[in-house]
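# A closer look at the structure
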Amino acid sequence: MTTVETAVGTAKTMVLNMGPQHPSTHGVLRILLELDGETVVKAVPDLGYLHTGIEKSCEDKTYSQAITLTDRMDYLNPLGNNLVYCLAVEKLLGLEVPKRAQYVRVMMVELQRISSHLVWLGTHAIDLGAMSVFLYCFREREEILKIFELFAGQRMMTSYIRIGGLALDPPAGWRQPVERFLKMMPSRVDEYETLLTENRIWIGRTKGVGYISPEDAIALSMSGPTLRAAGVAYDNRKVFPYSSYEEFNFNVPTRTDSDCYARYLVRVAEMRESLKIIRQAFDKIKDEGPIKADAPGIIPPQREKMKTEMEALIYHFKIFTEGFSPPPGEAFVTIESPRGELGCFVASDGSPKPLRVHFRSPSYINLQALPKLIEGQLISDVIACIGTIDIVLGEVDR
Amino acid sequence: MTEPASKNANVVAECLRSWNPKAVAEVSEYRGETTIVVPRELLQATAEHCRQDAKLQYNFLTDATCVDRFPAEPRFELNYHLVSIPRREKVRLRVWLSGNDPVVDSLVPVWPGANWLEREIFDLFGIRFSGHPDLRRILLPEDWEGYPLRRDYPVEGYRDVPNTGELFRKSSTP
């Protein structure tokens, strides 16, 4: 852990310890701030308070068992984490996922993106003193969580996306709540904008705060809305499409100001784009069709088949006792999570347990740019800058 | 296990070979991903060339990670995943490191974003990056002993000797 000695102030400056228990750090992040009056001279982030060794634990589980661990990294984007891990294992296996399952995945992940942006918007606004936005955002997030509960039986740690497809068929009557949400949401996004976009205090707190140049942002490996607010239209859904994203029509919102206000506008615009994608996926999902790949020995057989077919019973037994073994090799997949480029690297040595699972977590890498954003700024802007990166400490520390 | 090299693999390999014939030790293609194995001494120069060359333009370092192939030797396999945002291509640079001398040049001078990625590998695998400006543990406490992501480190840690360093041992001995 970083000790205070690494950041001792000179006679003119003082060192302020911010966190790990600080409401605006969105978890347990500690930052050592060297201050000259109210100006930040140096910032040293200190992390690891939530390190749980998820990557090591994955090595001791079979490929399917490790899915439940991925939910718990980025707890605002569990479905995205499931997706990136499953895509990596599917790539390793060379599995083809049925279209219907791919569309359901897209719909769920985009709902998750909206819910994650809602939590971000609410908490970011509360950090900067706008209390009511938080209540509005959580009202709509609740609707999304109800949809997840309907689909997966769980509100947050759904583990709904599985290797080769989905855990369950979409439940009967799933269209009504999604339809209701799609009808309601555009006007709700307008509502948030009336509260903030032209609010003079909001503009004063965010405009021109936390600037980073596009060259620096790329050099520091930043991704997601933070990079797009700097004018770089890099979105994995467009650049390296996965899960049939190439069939969807949507724009990648970008801004060029690269400050906290621009990042706010990018994320709000992204919510509107996600609604477009959900609508298209909603129309593409057929009522009938497979939701799992046809791969005996990897995908657990249907319950009814197990009762009548000997082979299905054997496969079931083998999958749940020893798992399946992908051929030796590596796969690296990146997707666009609400926070940026989420990557998963899986290496297999031909045994039923992964040799190595590594997650490229966007929060971790974006957080690296925090000192660059806040050095030379005022101490009150530190809060705005932490909020604007949209970090989830569960994912930073893993 | 290997597939025929894709167009991108050929472009990268040719470009690197024409720059320095020794830079490419091996090219492989698996599941549509290109891997270029680079000799350890040439890693930094090759990465710099990948970033600057007008034909390659790998300007974005997306990820760096390590795989421990214990007990095989050389046991550590370092993977750097590069993305070219203008060309929309990915490539993986790989370096092999032996267990008794796990040192490699840092890529921080090429991409400042490599800083925390390398610190994480140092923290969890014990690989040292020469030329790194701030090589300290990042996720684990500074007094942690051992490198947990190595394959010879038990998944549940060392139960009988709790691995929390000096502090714990002092307080737990009567």
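Everything below is about the structure printed above this text.
Described below are features of the structure shown in this document. The model shown is predicted, which means the values in this text are computed figures rather than measured ones.

All right, on to the overall build of chain A then. Scanning chain A for helices and strands turns up 17 helices and 8 strands. Here chain A has a C-alpha radius of gyration of 22 Å; the compact-globule value for 398 residues is 21 Å, and the two agree. Within chain A, buried positions represent 62% of all 398 residues. Within chain A, contacts between residues separated by at least 24 positions form 71% of all contacts whose residues are at least 6 apart in sequence. Just so you have it, chain A exposes about 14600 Å², and 55% of that area is on carbon and sulfur atoms. Positive and negative side-chain charges of chain A, numbering 45 and 50 respectively, have mean locations separated by a distance of 3 Å.

This next bit is on the interface of chain B and chain A. Counting from both sides, the interface comprises 48 residues of chain B and, opposite them, 50 residues of chain A. Regarding the contact of chain B and chain A, the summed buried area is about 4200 Å², with carbon and sulfur atoms giving 56% of it. The interface formed by chain B and chain A includes 5 salt bridges. One salt bridge connects B:Arg151 with A:Glu59, and the closest N-O pair in it is separated by 3.2 Å. Counting across the chain B and chain A interface gives 23 residue pairs in polar contact (both at pLDDT 80 or more). Elements that contribute at least two residues to the side of chain B that touches chain A include exactly β3 (60-68), β4 (76-84), β5 (89-97) and α3 (114-125) of chain B. The element best represented in the side of chain B that touches chain A is β3(B), accounting for 9 residues. The class makeup of the residues in the side of chain B that touches chain A is 25 nonpolar, 7 polar and 16 charged.

Looking now at the environment of A:Ser187. The residue A:Ser187 is located in helix α6 (residues 175-196) in this model. A polar contact of 2.9 Å, which involves the side chain of A:Ser187, links it to the backbone oxygen of A:Met184.

Here the focus is the pattern of salt bridges. Going through the model one piece at a time under the given rule, you end up with 46 salt bridges over all chains. With a closest N to O distance of 3.0 Å, A:Glu179 and A:Arg279 form a salt bridge. On the criterion of sequence distance, the pair formed by A:Glu179 in helix α6 and A:Arg279 in helix α11 (residues 260-284) is long-range, its members being 100 residues apart. Among the salt bridges present, the one from B:Arg40 reaches B:Asp101, with a minimum N-O distance of 3.1 Å. Of this pair, B:Arg40 sits in the loop between β2 (33-37) and α2 (43-52) while B:Asp101 is found in the loop between β5 and β6 (103-105), placing the two residues 61 residues apart along the sequence. Taking relative accessible area as the criterion, B:Asp101 reaches 31% and is therefore assigned partly exposed.

Residues and elements named next belong to chain B. Spatially, β1-β2-β5-β4-β3 is the arrangement adopted by the 5 strands of the open sheet, whose pairing is mixed. Either end of the sheet is taken by a strand with one partner, and the two such strands are β1 (26-30) and β3. Going from strand to strand, the sheet's axes swing by 25 degrees on average, the running direction of each strand aside. Relative to β4, β3 is paired through 8 bridges, and the arrangement is antiparallel. Bridge assignment links valine 67 to a residue of β4, and that residue is glutamate 77. Docked against the sheet, helix α1 (residues 7-19) engages β1, β2 and β5, running at close to 20 degrees with respect to β2.

All names here are of chain B. Spanning 12 residues, α3 covers 16 Å between terminal C-alpha atoms, matching the ideal 16 Å at 1.5 Å per step. Buried residues dominate α3, accounting for 12 of its 12 residues. Every buried residue of α3 is accounted for by Ala114, Asn115, Trp116, Leu117, Glu118, Arg119, Glu120, Ile121, Phe122, Asp123, Leu124 and Phe125. Positive backbone phi, approximately 75 degrees, marks glycine 126, located one or two places after α3.

On to the packing of α6(A) against α11(A). Residues and elements named next belong to chain A. Running from N to C, α6 and α11 cross one another at 165 degrees; their axes reach a closest spacing of 11 Å. Regarding the angle of α6 to α11, the classification is roughly antiparallel. Relative to α11, α6 is oriented so that their crossing is left-handed. Where α6 abuts α11, its residues Arg175, Val178, Glu179, Phe181, Leu182, Met185, Pro186, Val189, Asp190, Tyr192, Glu193 and Leu196 lie against Tyr264, Leu265, Val268, Arg272, Leu275, Ile278, Arg279 and Phe282. Each residue belonging to the contact of α6 with α11 can be placed in one class, and the counts come to 14 nonpolar, no polar and 6 charged.

Once that is clear, we can look at unusual backbone geometry. A cis amide bond links B:Phe70 to the next residue, B:Pro71, at an omega of 5 degrees. Structurally, the position occupied by B:Pro71 is in the loop between β3 and β4. Going from B:Glu73 to B:Pro74, the amide bond is cis rather than trans, its omega being 0 degrees. Summarising the element assignment, B:Pro74 is placed in the loop between β3 and β4. Positive phi, normally seen in glycine, also occurs at A:Ser221, with a value near 60 degrees. Locating A:Ser221 in the fold gives a position in the loop between α8 (214-219) and α9 (225-228). Positive phi values are uncommon outside glycine, yet B:Arg88 reaches one of about 55 degrees. Tracing the chain through its elements places B:Arg88 in the loop between β4 and β5. Accessibility expressed as a relative area gives 44% for B:Arg88, which makes it partly exposed.

Next up on the list: the pairing of β2(B). A regular strand carries its side chains on alternate faces of the sheet. Residues and elements named next belong to chain B. With 5 of 5 residues buried, β2 lies mostly within the body of the structure. Because side chains alternate across β2, one face comprises the buried residues Glu33, Thr35 and Val37, and the other comprises Thr34 and Ile36, equally buried. Looking at chain direction, β1 and β2 are connected through 5 bridges and run antiparallel. Bridged to tyrosine 30 within β2 is glutamate 33. Hairpin connection between β1 and β2: a loop of 2 residues separates the two successive antiparallel strands, and arginine 31 in this loop has a positive phi of roughly 55 degrees. Here β2 pairs with β5 via 3 bridges, running parallel. Paired with isoleucine 36 across the bridge in β5 is leucine 93.

What counts and what doesn't
Residues numbered from 1 in each chain as written. Chains lettered and ligands numbered in written order. Predicted model: local features only at pLDDT ≥ 70, side-chain atom pairs only at ≥ 80, totals over all residues. Heavy atoms only, no water. Helix = DSSP H or I, 4+ residues; strand = E, 2+ residues; numbered from the N terminus. Rg over C-alpha atoms; globule rule 2.2 N^0.38 Å. Buried < 20%, exposed > 50% of the residue type's maximum accessible area, 1.4 Å probe, protein only. Contact = heavy atoms within 4.5 Å. Areas by Shrake-Rupley, 256 points an atom, 1.4 Å probe, with all protein chains shown as cover. Lys, Arg positive; Asp, Glu negative; His and termini not counted. Charge placed at Lys NZ, Arg CZ, Asp CG, Glu CD. Buried area = accessible area lost by both parts, 1.4 Å probe. Salt bridge = Lys/Arg side-chain N within 4 Å of Asp/Glu carboxyl O. Polar contact = N/O pair within 3.5 Å; in protein donor to acceptor, adjacent residues only side chain to side chain. Nonpolar A, V, L, I, M, F, W, Y, C, P; charged D, E, K, R; others polar. Pairing = 2+ DSSP bridges. Axes fitted to C-alpha atoms, helices over the stretch in contact; angles between N-to-C directions. Expected span 1.5 Å × (residues − 1). Parallel < 35°, antiparallel > 145°, perpendicular 65-115°, else oblique. Left-handed = near helix turned anticlockwise from the far one by under 90°.

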